[in-house]
Amino acid sequence: MVLLTGCLDEGSGSEDVTQVVAEPGEVDPPPLTTPERTVCDPFSAGSSAQDRGLVGNLLYLESDQPRYESIDDYLDFGTPISSTLYFDQIHVPTRAFDLGFYTQEGQLVTNSEGEAIYEYFALRLESQLALADNEEEGWYQMAILSDDGSRLSEKKEDGSLDVLVENDGFTPTRMACSVKSVYLDHDSKIPVVLSYFQGPRYHIALNVMWRPLPEGADPNDPALDIECGRSGNARYFDSTQIPSEPTPTYYGLLERGWKPLTNENYYFPVQASNPCATDDPLLLTNFTLVSTTRTEVTVTWNTSLPATSQVVVKDVMSGQIYTSPQDATLKTSHSVTYTGLSSNTLYSIKAVSESADAQVTESSESAFRTPR
């Protein structure tokens with residue numbers, strides 16, 4: 001999981017969406033700097049694929065610069081660090097902390113004055129979006145939950161950017177949804193640029209999500225979710241918990257088909273290998289909710305190495321957490337049925353696997369409601 005730094009208390013900043021749209025034919029800027037260092041996500045589980053993830057750079061504001069309130073100003077006037085950043089994925093629940101970025105050598109990334117970069121910075125990341133093997137081909141609606149501003153754009157062959165999701169400006173954690181959909185099949189790799197800026201410290205959030213377009217919806221005028229445009233730093237995640245706990249509102253998004261993009265959905269744009277990748281990483285893929293009844297749920301998944309099988313189930317409203325016994329048989333195809341559920345109840349579920357060399361990996365959470 002990727003962690004960043006900073007941001008606004010709930011209710012701070014403007015609740016209005018600042019619409020900053022790329023002009024027709026606008027071309028994305030060239031790479032920001034010649035990297036001298038590599039910054040790997042220091043908070044991941046330690047398993048990175050060679051070809052999957054996001055790559056980019058970080059820019060920060062000098063102490064004597066204005067405190068800008070838009071992504072474009074940060075990208076235009078920020079000072080880039082001499083490092084290239086690699087991320088497995090982008091899923092940062094709303095949280096409060098003061099951690100920074102670290103190089104492969106364990107050195108804290110600092111600005112020109114030797115200060116750790118916690119606030120007033122921007123990220124510009126590139127990747128290619130793709131379906132996981134178990135995701136259905138079709139039209140997908142995109143969304144971002146972020147605090148502060150963010151933007152997801154498709155990068156065209158001529159280098160111009162077509163904005164998919166606009167969520168710019170100072171804001172508590174806000175959900176912005178795309179007003180058009182993208183079509184994905186299993187051969188698709190859509191080049192994208194994800195831009196983000198962090199204003200004052202205290203809270204931060206950055207989550208890229210999608211969902212299959214609801215049946216009957218127009219791809220160019222998708223039916224918006226009831227959460228689109230809503231905001232609040234306690235609305236989707238409880239940042240008073242460590243780690244932050246998803247709220248029923250967030251689980252409601254999952255129940256309605258939204259999914260945070262995972263490492264399976266990101267492919268590097270150009271480079272052939274990932275310097276942050278580990279040898280023989282344990283990767284979990286194709287996590288699928290197969291069936292539910294009034295009292296049980298069955299899920300399946302795959303791992304890149306033989307590993308154990310276990311699931312963690314949570315009653316969303318009560319917060320009660322249940323863990324299945326670990327199946328210690330090492331295998332790459334996994335299936336677990338968890339019993340003892342209550343009818344008409346909203347649950348979340350995730351898979352956990354551990355390899356013989358003690359690598360541990362888990363899936364993102366899915367949400368489901370048992371029948372009456």
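Definitions and limits used
Residues numbered from 1 in each chain as written. Predicted model: local features only at pLDDT ≥ 70, side-chain atom pairs only at ≥ 80, totals over all residues. Heavy atoms only, no water. Core = buried A, V, L, I, M, F, W, Y, C linked by side-chain atoms within 4.5 Å. Buried < 20%, exposed > 50% of the residue type's maximum accessible area, 1.4 Å probe, protein only. Helix = DSSP H or I, 4+ residues; strand = E, 2+ residues; numbered from the N terminus. Polar contact = N/O pair within 3.5 Å; in protein donor to acceptor, adjacent residues only side chain to side chain. Salt bridge = Lys/Arg side-chain N within 4 Å of Asp/Glu carboxyl O. Disulfide = S-S within 2.5 Å. Pairing = 2+ DSSP bridges. Contact = heavy atoms within 4.5 Å. Phe/Tyr/Trp six-rings, centres within 6.5 Å; stacked < 30°, edge-to-face > 60°.

Draft legend 1. Highlighting the nonpolar core. Counting 35 residues, the largest nonpolar core has Ile90, Phe121, Leu129, Met142, Leu152, Val208 and Trp210 as the members making the most contacts within it. Counting residues per element, the ones that place at least two in this core are β2 (54-60), β4 (83-87), β6 (121-129), β7 (138-147), β9 (161-167), β11 (182-184), β12 (190-198) and β13 (204-212). The next biggest cluster of nonpolar side chains, apart from the first, holds 15 residues, and it includes Met175, Phe237, Leu253 and Leu254.

Draft legend 2. Spatial organisation of the side chain of Asn233. Within the secondary structure layout, Asn233 lies in the loop between β13 and β14 (237-238). Taking relative accessible area as the criterion, Asn233 reaches 3% and is therefore assigned buried. Within polar-contact distance, the side chain of Asn233 engages the side chain of Asp147 at 3.4 Å.

Draft legend 3. Up close: the pattern of salt bridges. In total, this model carries 16 salt bridges according to the counting rule given. A salt bridge links Glu166 to Arg151; the nearest nitrogen and oxygen atoms lie 2.9 Å apart. In this pair, Glu166 sits in strand β9 while Arg151 sits in strand β8 (residues 150-155), placing the two residues 15 residues apart along the sequence. With respect to class, Glu166 is no different from Arg151; both count as buried. One salt bridge in this structure joins Asp225 and Arg211, with 3.7 Å as the shortest N-O distance. With a gap of 14 residues between them, Asp225 in the loop between β13 and β14 and Arg211 in strand β13 connect regions that are remote in the sequence.

Draft legend 4. Region of interest: the state of the cysteines. A complete count under the given rule lists one disulfide for this structure. The disulfide that involves Cys177 links it to Cys228, with 2.0 Å between the sulfurs. Linking Cys177 and Cys228, the disulfide has an S-S dihedral of approximately -90° and is accordingly described as left-handed. Remark: Cys228 occurs in the loop between β13 and β14 and Cys177 occurs in strand β10 (residues 174-177); sequence separation between them is 51 residues.

Draft legend 5. Local environment of unusual backbone geometry. The omega torsion across Asp147 and Asp148 is 10°, close enough to zero to call that bond cis. Counting through the fold element by element, Asp148 comes out in the loop between β7 and β8. Unusually for a residue other than glycine, Tyr120 sits at a positive phi of about 55°. Residue placement: Tyr120 occurs in the loop between β5 (91-95) and β6.

Draft legend 6. Structural context of the pairing of β9. For β9, the buried fraction is high: six of the seven residues fall into the buried class. For β8 and β9, the ladder comprises six bridges, and the chain directions are antiparallel. Bridge assignment links Arg151 to a residue of β9, and that residue is Glu166. Hairpin geometry of β8 and β9 is characterised by an intervening segment of five residues between the two adjacent antiparallel strands and by a positive phi of about 90° at Gly159.

Draft legend 7. Structural context of the environment of Asn111. The residue Asn111 is located in the loop between β5 and β6 in this model. Assessed through its relative accessible area of 14%, Asn111 is described here as buried. Sequence-wise, Asn111 and Pro80 are 31 residues apart; in three dimensions their C-alpha atoms are separated by 9.0 Å.

Draft legend 8. Broad picture of the environment of Thr361. Locating Thr361 in the fold gives a position in strand β23 (residues 360-362). In this structure Thr361 comes out as buried when scored by relative accessible area, which is 12%. In sequence terms Thr361 and Leu282 are 79 residues apart; their C-alpha atoms lie 6.7 Å from each other. Setting aside anything within four residues of it in sequence, one finds Thr361 in contact with Leu282, Leu284, Ala351, Val352 and Ser353.

Draft legend 9. Structural detail: the side chain of Arg174. In this fold, Arg174 is placed in strand β10. Within the local environment of Arg174, its side chain forms a polar contact with the side chain of Asn167, the two groups lying 2.7 Å apart.

Draft legend 10. View of the packing of aromatic side chains. Scanning the entire structure with this criterion turns up twelve aromatic pairs. When the ring of Trp139 is compared with that of Tyr183, the centres are 5.4 Å apart and the planes differ by 70°; the resulting orientation is edge-to-face. With a gap of 44 residues between them, Trp139 in strand β7 and Tyr183 in strand β11 connect regions that are remote in the sequence. Using a relative accessible area of 42% as the deciding quantity, one classes Tyr183 as partly exposed. Residues Phe287 and Trp301 carry aromatic rings whose centres are separated by 6.3 Å and whose planes lie at 55° to one another, so their mutual orientation is tilted. You can see Phe287 sitting in strand β18 (residues 284-292) and its partner Trp301 sitting in strand β19 (residues 296-315), a full 14 residues away along the chain.

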